[in-house]
Amino acid sequence: EKMQKDLNLTADQSAKIKSLNQDFKTNAEKIRNNSALSREQKKEQMKDLHMNHKQAMESMLTKEQKEKMKDLHKNRKGHGEQKITK
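Below, the structure is looked at part by part. Going along each chain's sequence as written, the residues are numbered from 1 onward. Per-residue local features are limited, in this predicted model, to residues with pLDDT of at least 70; the limit for side-chain atom pairs, both in listing and counting, is 80 or more; totals at the level of whole chains, interfaces and linings are taken over all residues. Side-chain metrics rest on all non-hydrogen atoms present in the structure, leaving aside hydrogens and water.

Moving on, we come to the side chain of His-53. Helix numbers and strand numbers start at the N terminus; a helix is a DSSP run of H or I with at least 4 residues, a strand a run of E with at least 2. When you line up the elements, His-53 lands in helix α3 (residues 39-60). Type-normalised accessible area, obtained with a 1.4 Å probe on protein chains alone, sets the label of each residue: buried when under 20%, exposed when over 50%, and partly exposed for intermediate values. Judged by its relative accessible area of 16%, His-53 is buried. With residues up to four places along the chain from it excluded, the contact list for His-53 reads Leu-20, Asn-21 and Phe-24. For this analysis, residues touch if any pair of their heavy atoms sits within 4.5 Å.

The subject of this paragraph is unusual backbone geometry. Although it is not a glycine, Asn-8 adopts a positive phi angle of roughly 55°. The residue Asn-8 is located in the loop between α1 (2-7) and α2 (11-33) in this model.

Mapped onto the elements of the fold, Asp-6 is located in helix α1. For Asp-6, a relative accessible area of 24% gives the class partly exposed. Considered as a pair, Asp-6 and Lys-68 are 62 residues apart in the sequence and their alpha carbons are 8.0 Å apart. Excluding residues within four positions of it along the chain, Asp-6 makes contact with Lys-68 and Leu-72.

Should their charged atoms come close, side chains of opposite charge can pair. Whenever Lys or Arg places a side-chain nitrogen within 4 Å of a carboxyl oxygen from Asp or Glu, that contact is recorded as a salt bridge. Within this structure, the stated rule accounts for 2 salt bridges. Its salt-bridge partner being Lys-2, residue Asp-6 comes within 3.0 Å of it at the nearest N-O pair. With Asp-6 and Lys-2 both in helix α1 and 4 residues apart, the pair spans about one turn of that helix. Judged by its relative accessible area of 63%, Lys-2 falls in the exposed class. Lys-16 is the salt-bridge partner of Asp-12, the closest N and O atoms lying 3.3 Å from each other. Here Asp-12 pairs with Lys-16, and both are found in helix α2, just 4 residues apart, close to one helical turn.

What follows is the structure, encoded as structure tokens:
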């Protein structure tokens, strides 16, 4: 909801991103719960999953929305760094 408001997503974009996020969550849980994988394999698969998720999400956004998302992430990261340094 917050992303929909912040990025001014269309209803179609919002539905697609919601589905994408649900798939991400399901796949991440499968990786975490797969006892056949070593810790390093899980880490590598999660890294790939994150990268694919980010690319899929960006492919759904307009240029302006991508820029806004980058700004939001930058501000969020900067905010976290301030908390750490205090």
